[in-house]
Amino acid sequence: MKRTLLAALAGLSLGLLAACANSDGETAATEGKPITGEINIYSSRHYDTDLALYEDFTRATGIKVNRIEAEADALIERIQAEGEFSPADLLITTDAGRLWRAEEAGILAPVDSKVLEERIPANLRDPQKRWFALTTRARIIIYNKAKGAPQGLATYEDLASPAFKGRICMRSSSSVYNIALLASMIAHDGPEKAGAWAKGVVANFQRPPQGNDVSNIEAVAAGECDISLVNTYYLARFATPEKRKVLDALGIIFPNQATTGTHVNMSGAGLVKTAPNRENAIKFLEYLSSESAQKYLANGNNEYPAAKGVAPTSAVEALGTFKADPLSASEIGRNEARAAQLYNAARWN
Ligand code: FE
C-alpha cells in the first residue's frame, strides 16, 4: 500500500517535471521524430548542457526524457523505497562511491551492450556491467606560482611532509571529493598510512578547512595560502578572459605520476533493475557514449569524456596530460566510510 502511494507520488512528480520541460520538448518533437516512448532519469547532475543533450536524444529517437534531480544518496534511497513500482529507468551520479553504493543497494541491473563495451574503457565501467562512466575529473595540486614551485611536492602523500607546514589550505573533509581521495589512498597505502597522512596534512594547514574548491583556488591565487587540492573542472572554469588572472597565478601538479597515478572521480549511469522502459534506457545509455553526447556531457562542465577517442575542451587540455589512477569505483566506494572516520580522527573538520 505504502509502495503504491510512493510510486503514485513519484509518477506525479515526474509528470510535473515532464510538463515543465514540455514547452521545449514539444518543439523538439515536432522537428524530429514523433514521441513514441519515454524514459525516466534520476540524476544528480544538474548542468544546462545536459538538457540540450536530452533534447537531442528526443529529436533523434522520439523518446521523451523525464528527469528527477536530487543528491545521489536521496535518489538511491528513493529508488529503494519505491521498490518494484519505481518509475526510474536510469540512475546518474557524479561520484564513484555513489555508483558503488547503488551496486551495493542492489538497485542496478547489468546491461549487455557491445557499443558500451567498445566505447567505455574497462576501468571506467563495472565489471558486472551495472554502470558505465560518462565523464571523469582529476583532483590535483595547485600552488601559488609567485612563491615558487614547492620543492619535493610530487604526490598526495608528500602533502603530509613537515616541509609544507603552515602552507596548505583545504576544504572540509565532508566533501565527497576529499573522501573519495582518502578512500583511494586507503586502497593503495593501507588505512594506517592513510590515517597518518590525514594527520600530517592537518598539521600543515595554514587555516582551518573552509570554503569549496573555487574559494580555495582564489585563496591560493591571492597568496592567502600556498597549496591546495582541487578538481580540474573548477580550474578550467577560470580559463576565461575575465578570470584568467587567477589561473595564471597558479602552478599545477598532477600528483603521483611516478606512482599510482592521479586520483580521478567519475560521473556514471546505471540501468535500474525495475526499469519500466528498459529498452529505451539502454538506447539512451548507448547514446550517452556517442561522440556528440560525450561532448555535451564533458564540455558543459569541463570534464574528461569517458569514451575513447573523445577530446576534452581546450581549457581542460591546457591543464596538461597525465596518468590517471585506474582504481575501480568499488575500491573507492568500499573505503569511503573508513576515510570519513580517519578524517575525524585527524580532526580535519
Ligand atoms: Fe563539483
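Note on numbering: residues in each chain are counted from 1, in written sequence order. Thresholds applied to this predicted model are a pLDDT of at least 70 for local features of residues and 80 or more for the giving and counting of side-chain atom pairs; totals over whole chains, interfaces and linings are not thresholded and use all residues. Each side-chain value is worked out from all heavy atoms of the structure, with water and hydrogens disregarded.

J.: Can you walk me through the overall build of the chain in this structure?
T.: Helix and strand labels come from DSSP, where a helix needs a run of H or I of at least four residues and a strand needs a run of E of at least two; each type is numbered from the N terminus. Broken down by element type, the chain carries 15 helices and eight strands. It is over C-alpha atoms that the radius of gyration is taken, and the globule rule equals 2.2 Å times the number of residues to the power 0.38. Computed over its C-alpha atoms, the radius of gyration of the chain comes to 21 Å, within 12% of the 20 Å expected for a compact globule of 349 residues. Once the C-alpha set of the chain is aligned to its principal axes, its extents read approximately 65 × 45 × 35 Å. The 349 residues of the chain split such that 53% are buried. Note on contacts: a residue pair qualifies if any of its non-hydrogen atoms lie within 4.5 Å across the two residues. At a minimum sequence separation of 6, the contacts of the chain that also span at least 24 residues come to 79%. Just so you have it, the chain exposes about 14900 Å², and 53% of that area is on carbon and sulfur atoms. Working definition: with a 1.4 Å probe on protein chains only, accessible area under 20% of the residue-type maximum means buried, over 50% means exposed, and in between means partly exposed. Here the Shrake-Rupley method, with its probe set to 1.4 Å, supplies the accessible areas, and only the displayed protein chains count as covering residues.

J.: Please explain the pairing of strand E7 (residues 264-271) as it appears in this structure.
T.: One face of the sheet, then the other: side chains in a regular strand alternate in exactly this way. Buried residues dominate E7, accounting for eight of its eight residues. The alternating pattern of E7 places Val264, Met266, Gly268 and Gly270 on one face and Asn265, Ser267, Ala269 and Leu271 on the opposite face, and all of these are buried. Pairing analysis gives four bridges linking strand E3 (residues 90-93) to E7, with the strands arranged antiparallel. Paired with leucine 91 across the strands is glycine 270, a residue of E7. By the convention used here, strands pair only if DSSP detects at least 2 bridges between them. In the sheet, strand E4 (residues 132-144) pairs with E7 via six bridges, with the strands oriented antiparallel. Residue pairing across strands places threonine 136 opposite methionine 266, the latter belonging to E7.

J.: Would you take a moment to explain the coordination of the iron ion for this structure?
T.: Ideal values differ by geometry: the angle at a metal is 109.5 degrees with four tetrahedral donors, but 90 or 180 degrees with six octahedral donors. Note on donors: an N, O or S atom is included if it sits within 2.8 Å of the metal, or within 3.2 Å for Na, K and Ca, and water is never included, so sites can look incomplete. Protein ligation of the iron ion involves Tyr177 (OH), Tyr233 (OH) and Tyr234 (OH), the donor distances falling in the range 1.9 Å. Residue class for tyrosine 177 comes out buried when judged on its relative accessible area of 15%. Judged by its relative accessible area of 1%, tyrosine 233 is buried.

J.: What am I meant to see in the pattern of salt bridges here?
T.: Between side chains of opposite charge, a pair can form when the charged atoms approach closely. Should a side-chain nitrogen of Lys or Arg be within 4 Å of a carboxyl oxygen of Asp or Glu, the pair is scored as a salt bridge. Applying the stated criterion across every chain yields a total of 21 salt bridges. In this structure, the salt-bridge partner of glutamate 69 is arginine 67, at a minimum N-O distance of 3.3 Å. The partner of arginine 137 in a salt bridge is glutamate 303, and the shortest N-O contact between them spans 2.8 Å. With arginine 137 in strand E4 and glutamate 303 in the loop between helix H12 (291-300) and strand E8 (304-305), this residue pair connects regions lying 166 residues apart in the sequence.

J.: Where do I start with the nonpolar core in this structure?
T.: Note on soluble globular proteins: their nonpolar side chains tend to be buried together. Residues belong to a common nonpolar core when they are buried Ala, Val, Leu, Ile, Met, Phe, Trp, Tyr or Cys residues joined through side-chain atoms within 4.5 Å. Counting residues in each nonpolar core, the largest one holds 77 residues, and the members touching the most others are Leu91, Leu159, Leu182, Trp197 and Phe284. The greatest single-element share of this core, amounting to seven residues, is contributed by helix H6 (residues 176-189). Structurally, this core is a two-domain feature, drawing no fewer than three residues from each of domain 1 (2-135 + 266-312) and domain 2 (138-263 + 320-346). Excluding its chain neighbours within four sequence positions, the residues that come into contact with tryptophan 197 are Tyr156, Glu157, Leu159, Ala160, Leu181, Leu182, Met185, Tyr343 and Trp348. Formed by 23 residues, the second largest nonpolar core is a distinct cluster that contains Ile140, Val230, Val316 and Leu319. Segmentation into domains, and thus their bounds, comes from an automatic or database assignment.

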